[in-house]
Amino acid sequence: MAIEIVSQNKTFGGTQFVYAHESVETKTKMRFSAFIPDGVKNAPVIIYLSGLTSTEENVTVKAGAQRVCAELGLVFIAPDTSPRGDDVPDDVEKAYDFGLGAGFYVDATQEPWVKNYRMESYIGKELMEVIGANLPVDMTRVAITGHSMGGHGALTIALKNPDLFKSVSAFAPIVSPINCPWGQKALSGYLGSNQILWREYDACALLEDGAELIPCLIDQGSSDNFLESQLKTQLFENALLISGQKAEIRMQDGYDHSYYFIATFIEDHLRFHAKYLK
């Protein structure tokens, strides 16, 4: 459970840390960023899962979450998107959408990925334990959010563990990996050809199979160039109708897939979660 400080910077009446620790799940050293407002004790937590190619740094420096987290007394955690290291396998063609930087928040079952690519268990279990053991937080008050591949991770992990989180949100999430090229590549590579196993990592399939959705907010940009081919927000809306459940889904006119989009709406998401965390 021991962690080491990689960096720390004072900002907005708090401290932005980057931590590292040896992971049991991934068999590597993992890093995560943590913004901690000054003076907090037993603080609620928001976990942010990043998208393809990102590290813990992207949201930390681009989204501007720290100001609102300081106001609301929220600890904001952002882990890496995959295990990393010289001995960690990568896509043979170094593709951006598989391997390093593209763990897809699954527990791999196929070689050579099975040893290290255990991002679902890392996020849903080990990281939670590390945060709880080392930071001034209340792990009974946790929310989860994410962008793109990370939105997929946030939705699926929350749907499979509704007792761990008070609320979930997502920015431009991949809602149905079974039905898009990014997801089909990742799920077949990490899990093999049995598509029954894929349903455990598909938010729409989980809803259709009876999973309980906690309070949920989704923002999607109308000018996102991945909307029709990869993200397919409408499939999630259809799955909600079939399951008889509800979420707040907002189509944001003119916004794309970038961190400009995330930075615009991050405050809304933080205040959404704060309602349930308090």
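Heads up: these notes are all about the structure in this document. (Residues numbered from 1 in each chain as written. Predicted model: local features only at pLDDT ≥ 70, side-chain atom pairs only at ≥ 80, totals over all residues. Heavy atoms only, no water.)

### A short note on the sheet that holds strand S6 (residues 137-146)
Threshold: Strand pairing is assigned whenever DSSP identifies at least 2 bridges connecting the two strands. Strands here are runs of E lasting at least two residues and helices are runs of H or I lasting at least four, both read from the DSSP assignment and numbered beginning at the N terminus. Axis definition: a line fitted to C-alpha atoms, over the contacting stretch in the case of helices. Angles run 0 to 180 degrees between N-to-C directions. Between two residues, a contact is recorded if the distance between any of their heavy atoms is within 4.5 Å.
Spatial strand order, S1-S2-S3-S5-S4-S6-S7-S8-S9: 9 strands in an open sheet with mixed pairing. Pairing within the sheet leaves two strands with one partner each, and these edge strands are strand S1 (4-11) and strand S9 (248-252). Along the sheet, successive strands turn relative to each other by an average axial angle of 20°, direction set aside. Across the sheet, helix H3 (residues 119-134) is in contact with strand S2 (14-22), strand S3 (29-37), strand S4 (43-49), strand S5 (75-79) and S6; its angle to S6 comes to roughly 145°. Against the sheet, helix H4 (residues 149-160) makes contact with S4, S6, strand S7 (167-171) and strand S8 (216-221), and its axis sits at roughly 135° relative to S6, the strand it touches most.

### Remarks on the pattern of salt bridges
Counted only if it meets this: Here, a salt bridge means any side-chain nitrogen of Lys or Arg that lies within 4 Å of a carboxyl oxygen of Asp or Glu. The classification of residues rests on relative accessible area computed with a 1.4 Å probe and restricted to protein chains. Under 20% of the type maximum is buried, over 50% is exposed, and intermediate values are partly exposed.
Applying the stated rule across the entire model yields 18 salt bridges. A salt bridge links arginine 250 to aspartate 268; its shortest N-O distance comes to 2.9 Å. Linking arginine 250 in strand S9 with aspartate 268 in helix H10 (residues 259-277), this pair joins segments that are 18 residues apart in sequence. Look at arginine 250 and you get partly exposed, because its relative accessible area is 21%. Residues joined in a network through salt bridges with shared partners are Arg67, Glu71, Glu267 and Arg271.

### Here's the deal with the packing of aromatic side chains
Any two aromatic rings considered together are summarised by their centre-to-centre distance and by the angle between their planes. How we decide: What counts as a ring pair is set by centres within 6.5 Å for rings of Phe, Tyr and Trp (its six-membered ring), and what kind of pair is set by the plane angle: stacked under 30 degrees, edge-to-face over 60, tilted for all other angles. A ring is scored as having a charge over it whenever the NZ atom of a lysine or the CZ atom of an arginine sits within 6 Å of its centre and within 35 degrees of its normal.
Under the counting rule described, the total for this entry stands at 14 aromatic pairs. Where tyrosine 19 meets phenylalanine 32, the ring centres are 5.5 Å apart and the plane angle is 40°; that geometry is what we call tilted. Here tyrosine 19 is found in strand S2, whereas its partner phenylalanine 32 is found in strand S3, with 13 residues between them in sequence. One exposure class covers both tyrosine 19 and phenylalanine 32, and it is buried. When the ring of tyrosine 255 is compared with that of phenylalanine 261, the centres are 6.3 Å apart and the planes differ by 45°; the resulting orientation is tilted. Judged by its relative accessible area of 29%, tyrosine 255 is partly exposed. With a relative accessible area of 0%, phenylalanine 261 lands in the buried category. Here a set of aromatic residues connected by ring pairs shows up, and it is made of Phe98, Trp113, Tyr117 and Tyr190. Lysine 160 extends its terminal NZ or CZ atom over the ring of tyrosine 201, reaching a point 4.1 Å from the ring centre.

### Observations regarding the side chain of glutamate 120
With respect to the element layout, glutamate 120 can be found in helix H3. Non-local contacts of glutamate 120, meaning those with residues more than four positions away in its chain, are made with Tyr105, Val106, Asp107, Lys125, Ile157, Lys160 and Tyr201.

### Describing helix H5 (residues 181-191)
Residue pairs spaced three or four apart in an α-helix point in one direction, given the helix's 3.6 residues per turn. Put simply, the rule reads: Here, the arc refers to the directions that run from the helix axis to the C-beta atoms.
Within H5, the full set of buried residues consists of Trp182, Gly183, Ala186, Leu187, Tyr190 and Leu191. End-on, the buried residues of H5 take up no more than an arc of 105°, which puts them together on one face. On the buried face of H5, the contacting elements are helix H6 (195-198) and helix H8 (227-231).

### What about the pairing of S2?
S2 sits mainly inside the fold: 8 of its 9 residues count as buried. In this sheet, S2 lies alongside S1 in antiparallel orientation, the contact comprising 7 bridges. Paired with glutamine 8 across the two strands is phenylalanine 17, which belongs to S2. Direction of pairing for S2 relative to S3: antiparallel, over a ladder of 9 bridges.

### Let's talk about helix H9 (residues 233-243)
Of all the residues in H9, the buried ones are Thr233, Phe236, Ala239 and Leu240. For H9, the angular spread of the buried residues around the axis is 115°, confining them to a single face. Facing away from the buried side of H9, by more than 90 degrees, are the exposed residues Leu241 and Ile242. Considering only its buried residues, H9 is in contact with H4, helix H7 (203-208), S8, H8 and S9.

### Comments concerning the nonpolar core
Put simply, the rule is: Each nonpolar core is a collection of buried residues, namely Ala, Val, Leu, Ile, Met, Phe, Trp, Tyr and Cys, held together in the definition by side-chain atoms within 4.5 Å.
In terms of nonpolar packing, the biggest core is built from 92 residues, with Ile77, Ile144, Tyr190 and Phe236 touching the most fellow members. Every residue in contact with tyrosine 190, bar those within four places of it in the chain, is listed here: Phe98, Gly99, Ala102, Gly103, Phe104, Val106, Ala108, Thr109, Gln110, Trp113 and Tyr117.

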